[in-house]
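# A look at the structure
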Amino acid sequence: SIYLHSYPSIRFISALGDPTASSGSGAESWGLWRDDPGPRGVYLRDYDRRIGSKTDLVAPAGWKFDPSDWWVEEHGLIMSTP
């Protein structure tokens, strides 16, 4: 029989590692968002207009862009840091 776990809410995880690995370590450095970061993201093509041209580097959704620590997803969305 199959046993399914119910989780209280959806989580979004980002991990950087060897795509061919089947085991390993380092999960403590993964990013975890409690809310979907996508809707708050800014497309790379829009960076100059929506974030880069501002002195405070705040995205339209209110999160602050940190040039030394940032995340981009596979469709080109810059996302808030988890």
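Remember, it's a predicted structure, so these values are computed and weren't measured experimentally. (Residues numbered from 1 in each chain as written. Predicted model: local features only at pLDDT ≥ 70, side-chain atom pairs only at ≥ 80, totals over all residues. Heavy atoms only, no water.)

## Concerning the overall build of the protein
Regarding its fold elements, the protein presents 1 helix and 5 strands. For the protein, the sequential pattern of α-helices and β-strands runs β-β-β-α-β-β. The globule rule puts the C-alpha radius of gyration for 82 residues at 12 Å, and the 16 Å found for the protein is more than 25% above it. Its C-alpha atoms put the protein at 55 × 30 × 20 Å along the principal axes. A buried classification covers 24% of the 82 residues belonging to the protein. Long-range pairs, those at least 24 residues apart, make up 34% of the contacts in the protein with a sequence separation of at least 6. (Helix = DSSP H or I, 4+ residues; strand = E, 2+ residues; numbered from the N terminus. Rg over C-alpha atoms; globule rule 2.2 N^0.38 Å. Buried < 20%, exposed > 50% of the residue type's maximum accessible area, 1.4 Å probe, protein only. Contact = heavy atoms within 4.5 Å.)

## Quick look at the side chain of E73
Looking at the element boundaries, E73 is found in the loop between β4 (71-72) and β5 (77-79). Nearest to the buried, unbridged E73 among oppositely charged side chains is R45, at 9.2 Å. Separated by 2.6 Å, the side chain of E73 and the backbone nitrogen of H75 make a polar contact. (Lys, Arg positive; Asp, Glu negative; His and termini not counted. Salt bridge = Lys/Arg side-chain N within 4 Å of Asp/Glu carboxyl O. Polar contact = N/O pair within 3.5 Å; in protein donor to acceptor, adjacent residues only side chain to side chain.)

All quantities given are derived from atomic positions and should not be read as evidence of function.
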